[in-house]
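Read off the chains here:
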Amino acid sequence: MGFLDIDNTTKSYGAVEVLHKVDISVEEGEFLVLVGPSGCGKSTLLNMIAGLEDITSGEIRIKDQVMNGVHPSKRNIAMVFQSYALYPNMTVGQNITFGLEMHGVPKPEREKAMHEVASLLQIEQLLDRKPGALSGGQRQRVAMGRALVRNPDVFLFDEPLSNLDAKLRVDMRTEIKKLHQKLGTTIVYVTHDQIEAMTLSTRIAVMYGGYVQQLGTPQEIYDTPANIFVATFMGSPAMNVVPATVAVENGVPMAVVELHDGSRARLPFSQQNLAAWEGREIMLGIRPETITDEDAADRKSTNIAQMVNRIVVTEPAGSDTFVTMTLGGKDVIARMRSDADVRPGADFTFAVNMEKAVAFDPATEMRILP
Amino acid sequence: MMSVSTQDTAIRTGRVTRALIYLVLLLFGLFYLLPLYVMVVNSVKPLDEITGGGMMNLPRVFTLEPWAKAWSSAQIGVDPTGLQPYFWNSIKMVVPAVAISTVLGALNGYVLTKWRFRGDTILFGLMLFACFIPFQIVLIPMARMLGLMGLAGTTWGLVLVHVVYGIGFTTLYFRNYYAVFPTELIRAAQIDGAGFFQIFWRILLPSSGPIAVVSIIWQFTNIWNDFLFGASFAGADSQPMTVALNNLVQSSTGVKEYNVHFAGAILAALPTLLVYIVAGRYFVRGLMAGSVKG
Ligand SMILES: Nc1ncnc2c1ncn2[C@@H]1O[C@H](COP(=O)(O)OP(=O)(O)OP(=O)(O)O)[C@@H](O)[C@H]1O
Ligand SMILES: [Mg+2]
């Protein structure tokens, strides 16, 4: 039993099931991020934890208490909304203490809690202002203050940073992470931004079409994605997934992929257990940063394969240069050092770190290697 | 060169059209103000100045006598009471009717947008339908209902009639206004532990100023100006101002005191004018907020 258990939970609107048997157990102090494209059911799941949406079947438990049918205010949760949802007619101070007031906390205690939270978030000078007179970042802080002051068991965040500009978003991201490390609270956080998911979480649930596609640590999700959807959704630029055929030479399985001119490159896998796939087609997944020039190849890797291919486009991006080539009939992106000597139209010897390569079953799209 | 000259003509035609528009608007304005002018001017003249012709002339002798008479001593029906008691009758009817129908409209709007239930759109459609039922159709059934409830001929009977009739409009106003009120705020308040009425009083109502003004003005003018219900359902001691004014003007005994009639008509119109002057600028703002986004 975890701290927050989502046990075989489904959600239907009429005849349409929008969440299918979601099963997640969150430990105390964990930072779980629900990530996925628009419409995959992230907010619905969060609202079910909050009690704002009914649970169609299954159970949600917090600290082993079944929450089905329990009113939101009785679950000891707090939520930060995408629009912040600050009460426009109340001052910042009143916004922060409204929940305490509704729970019958006496005024002196409310004031004390308010000042503690305000100093933690550095919004003391804003306490008498109305939300309309705050900047986006300040509103964000107030919304977090309103959640923190309740000292809840679980914090729920629904895309709290998506209304901020890019710079502020990065700053607030760091701040949320600091806050989590400092307070050690349990957090469920919804976002469609995979970088936010990777940087903030202790665990990620990648969702798509109402299913949890994979649940794991950021590293697990990144290195061993459960299927092609997770592989291409997480990471920027996305993982390259190209068709390849499996050949076995001297007991070593290889991915045979077509180069730009129709000739073939042979890229040996690090794992042996691919014999069953000999002669069959697979989908080969290679992260952009594992395709480099020979000098920049990972020295710790025991399996660097070489491949000569033609450069189609180069995109210098300051710290890196992105190089596009054609592999297996698809555009494939490599992430190179910015000083790599790459020119469009030239043939170039790429080094592929096959230790990090992933293989998928083309029919089921599920991972078969590693 | 080219662009300068075209700009020049554009400005000139702009001026000419604008002058024309202002002229036309001015004429319309004068035309609309004419009745008011006639009423005011004739309400402060002695009667012989009016009967001697020259309705448009300014008074030669200025007197407030007709106003005093209309207010406190003119013959209304059988008694020489003036309009005064009927004015208070109207107030006693209008204030509760406006207050109750506005609060109920706000509650309806709140439920219809934030506490959705099966069939709520149909219910709202039916309430909208109430806005289009002509008064005459309900006169007889309403009289029967008031009789059954023991409210016939009372001020509270009139209040009930006006509340029932007004609820369709007030619900429409508040529903459209609350439809664009962020639902996340309601959810935040629920998580904070606020109940149905706490959310209504603490979160929703404080943000409802503009639409409340619309609802109040609309209801106030309609109920104050209503004649048909007043004439049909009021008893002798609950008749509103409009009915009394009619009795004043229609009374067949003696000479027709036009100056008193004019003063009485202005007295009857004064409260609605006042409401518009005090709250008028919120009216347009509220209408925009409610309808454009709704
Ligand atoms: N009241 C409703 N009735 C029917 N379907 C609904 C309702 N609310 C949500 N849905 C459907 O449920 C699915 C999940 O919606 P949800 O809001 O959870 O998506 P999301 O993952 O939060 O997306 P986004 O990133 O756009 O916020 C969507 O396909 C949506 O159309
Ligand atoms: Mg959402």
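Model, not experiment: these values are computed from the prediction.

Our next topic: the overall build of chain A. From N to C terminus, chain A includes eight helices and 21 strands. Its C-alpha atoms put chain A at 75 × 45 × 35 Å along the principal axes. In chain A, the share of contacts with a sequence separation of at least 24, taken over all contacts with a separation of at least 6, comes to 66%. Of the accessible surface of chain A, which amounts to about 16,000 Å², a share of 48% is contributed by carbon and sulfur atoms. Each charge sign in chain A was given a centre, from 36 positive and 46 negative side chains, and these centres are 6 Å apart.

This next bit is on the packing of aromatic side chains. For any pair of aromatic rings, geometry is given as the distance between the ring centres together with the angle between the planes. For the structure on display, the rule yields 26 aromatic pairs over all chains. Ring centres 6.3 Å apart and planes at 85° place the aromatic pair Phe-31 of chain B and Tyr-32 of chain B in the edge-to-face group. Taking relative accessible area as the criterion, Phe-31 of chain B reaches 59% and is therefore assigned exposed. Owing to a relative accessible area of 63%, Tyr-32 of chain B belongs among the exposed residues under this scheme. Residues Phe-87 of chain B and Trp-88 of chain B carry aromatic rings whose centres are separated by 5.2 Å and whose planes lie at 85° to one another, so their mutual orientation is edge-to-face. Ring pairs connect the aromatic residues Tyr-110, Trp-115, Phe-196, Phe-197, Phe-200 and Trp-201 of chain B, which therefore count as one cluster. When the ring centre of Tyr-222 of chain A is taken as origin, the NZ or CZ atom of Arg-287 of chain A, which lies over that ring, is 3.8 Å away. Over the aromatic face of Phe-124 of chain B sits the side chain of Arg-175 of chain B, whose NZ or CZ is 4.4 Å from the ring centroid.

Here the UniProt-annotated "domain: ABC transporter" (unreviewed entry) positions come out as residues 4–234 of chain A. Helix makes up 37% of residues 4–234 of chain A and strand 26%. Its end C-alpha atoms lie 25 Å apart.

With that out of the way, let us pick up the site of ligand 1. All names here are of chain A. Around ligand 1, the neighbouring residues are Tyr-13, Val-18, Ser-38, Gly-39, Cys-40, Gly-41, Lys-42, Ser-43, Thr-44 and Glu-159. Here an oxygen atom of ligand 1 and a side-chain polar atom of Ser-38 are 2.5 Å apart. The side chain of Glu-159 places a nitrogen or oxygen atom 3.3 Å from an oxygen atom of ligand 1. Within the complex, the protein chains bury 56% of what would otherwise be the 640 Å² of accessible surface of ligand 1. Element by element, the count of residues in the shell around ligand 1 is highest for helix H1 (residues 42–50), at three residues. For the shell around ligand 1, a count of residues per class yields three nonpolar, five polar and two charged.

Residue and element names in this part refer to chain A. If you trace the five strands from one edge of the open sheet to the other, you get E15-E19-E16-E17-E18, paired in antiparallel fashion. Edge positions in the sheet fall to strand E15 (291–293) and strand E18 (330–337), since each of these pairs with one other strand and no more. Across the sheet, the mean angle from the axis of one strand to that of its neighbour is 55°, orientation sign disregarded. Examined bridge by bridge, strand E16 (residues 304–316) and strand E17 (residues 320–327) share five bridges and lie antiparallel to one another. Within the sheet, the bridge partner assigned to Pro-316 lies in E17 and is Thr-321.

Residues and elements named next belong to chain A. Following the criterion strictly, the structure yields 20 salt bridges over all chains and no others. The closest approach of N and O atoms between Glu-116 and Lys-112, which form a salt bridge, is 3.5 Å. Here Glu-116 pairs with Lys-112, and both are found in helix H3 (residues 107–121), just four residues apart, close to one helical turn. Residue Lys-112 is classed as exposed on the basis of its relative accessible area of 55%. The network of salt bridges with shared partners includes Asp-5, Asp-7, Glu-59 and Arg-61.

Further remarks concern the nonpolar core. Residue and element names in this part refer to chain A. Membership of the largest hydrophobic core comes to 94 residues, with the highest contact counts inside it found for Ile-24, Leu-34, Leu-156 and Val-188. Sequence-distant contacts of Ile-24, defined by excluding residues within four places in its chain, comprise Leu-4, Asp-5, Ile-6, Leu-32, Leu-34, Leu-45, Ala-205, Val-212 and Leu-215. The next biggest cluster of nonpolar side chains, apart from the first, holds 43 residues, and it includes Val-142, Ala-143, Val-149 and Val-230.

For the rest of this paragraph, the subject is the pairing of strand E6 (residues 77–80) of chain A. Residues and elements named next belong to chain A. Residues of E6 alternate between two faces, with Ile-77 and Met-79 on one and Ala-78 and Val-80 on the opposite face, all of them buried. In this sheet, strand E7 (residues 154–158) lies alongside E6 in parallel orientation, the contact comprising four bridges. Looking at E7, one finds that Ile-77 is bridged to Val-154.

Listed per partner, the contact involves 15 residues of chain B and 27 residues of chain A. Taken together, both faces of the contact between chain B and chain A bury some 1,800 Å²; the carbon and sulfur share is 58%. The interface formed by chain B and chain A includes three salt bridges. Linking Arg-202 of chain B and Glu-101 of chain A is a salt bridge whose minimum nitrogen-to-oxygen distance equals 2.9 Å. Among the elements of the structure, helix H8 (183–192) and helix H9 (196–204) of chain B are those that each provide at least two residues to the side of chain B that touches chain A.

This brings us to the domain arrangement of chain A. Residue and element names in this part refer to chain A. By domain assignment, chain A separates into domain 1 (4–233) and domain 2 (240–360). Taken over C-alpha atoms, the centre of domain 1 sits 39 Å from the centre of domain 2. Contacts between the two partners involve eight residues from domain 1, matched on the other side by seven residues from domain 2. Between domain 1 and domain 2 lies a buried interface of about 630 Å² when both sides are counted; carbon and sulfur atoms form 58% of it. Interface area lost by domain 1 to domain 2 is led by Tyr-222, Ile-228 and Ala-231, which between them contribute 65%. The interface formed by domain 1 and domain 2 holds zero salt bridges in total. Among the secondary structure elements, those contributing two or more residues to the side of domain 1 that touches domain 2 are helix H7 (218–223) and helix H8 (228–233). By residue class, the composition of the side of domain 1 that touches domain 2 is five nonpolar, two polar and one charged.

Let us now look at the layout of surface pockets. Counted as a void, the largest pocket has a volume near 540 Å³. Forming the walls of the largest pocket are 22 residues, and the residues nearest its centre are Gly-51, Leu-52, Glu-53 and Asp-54 of chain A together with Arg-187 of chain B. Those elements giving two or more residues to the lining of the largest pocket turn out to be strand E1 (4–13) of chain A together with H8 of chain B. At four residues, the largest contribution of residues to the lining of the largest pocket is made by H8 of chain B. Tallied by class, residues from the lining of the largest pocket come to seven nonpolar, eight polar and seven charged. Volume-wise, the second largest pocket comes out at about 220 Å³. As for the second largest pocket, its lining consists of 13 residues, of which Glu-116, Val-117, Leu-148, Val-149 and Asn-151 of chain A are closest to the centre. Ranked by residue count, the leading element in the lining of the second largest pocket is H3 of chain A, at six residues.

Moving on: the environment of Leu-134 of chain A. All names here are of chain A. The topology assignment puts Leu-134 in the loop between H3 and helix H4 (136–148). According to the relative accessible area criterion, Leu-134 is buried, its value standing at 7%. Separated by 42 residues in sequence, Leu-134 and Val-92 place their C-alpha atoms 9.4 Å apart.

Reading guide: rules and limits
Residues numbered from 1 in each chain as written. Chains lettered and ligands numbered in written order. Predicted model: local features only at pLDDT ≥ 70, side-chain atom pairs only at ≥ 80, totals over all residues. Heavy atoms only, no water. Helix = DSSP H or I, 4+ residues; strand = E, 2+ residues; numbered from the N terminus. Contact = heavy atoms within 4.5 Å. Areas by Shrake-Rupley, 256 points an atom, 1.4 Å probe, with all protein chains shown as cover. Lys, Arg positive; Asp, Glu negative; His and termini not counted. Charge placed at Lys NZ, Arg CZ, Asp CG, Glu CD. Phe/Tyr/Trp six-rings, centres within 6.5 Å; stacked < 30°, edge-to-face > 60°. Buried < 20%, exposed > 50% of the residue type's maximum accessible area, 1.4 Å probe, protein only. Lys NZ or Arg CZ within 6 Å of the ring centre and 35° of its normal. UniProt positions renumbered as here; feature names shortened; annotations may be inferred. Near = heavy atom within 4 Å. Polar contact = N/O pair within 3.5 Å; in protein donor to acceptor, adjacent residues only side chain to side chain. Nonpolar A, V, L, I, M, F, W, Y, C, P; charged D, E, K, R; others polar. Pairing = 2+ DSSP bridges. Axes fitted to C-alpha atoms, helices over the stretch in contact; angles between N-to-C directions. Salt bridge = Lys/Arg side-chain N within 4 Å of Asp/Glu carboxyl O. Core = buried A, V, L, I, M, F, W, Y, C linked by side-chain atoms within 4.5 Å. Buried area = accessible area lost by both parts, 1.4 Å probe. Domains from an automatic or database assignment. 1 Å grid on protein atoms, 1.4 Å probe; cavity = no way out; pocket = protein on both sides within 12 Å on 5 of 7 lines; lining within 4 Å. Points joined across faces, edges and corners; volume = space filled by probe spheres on them.

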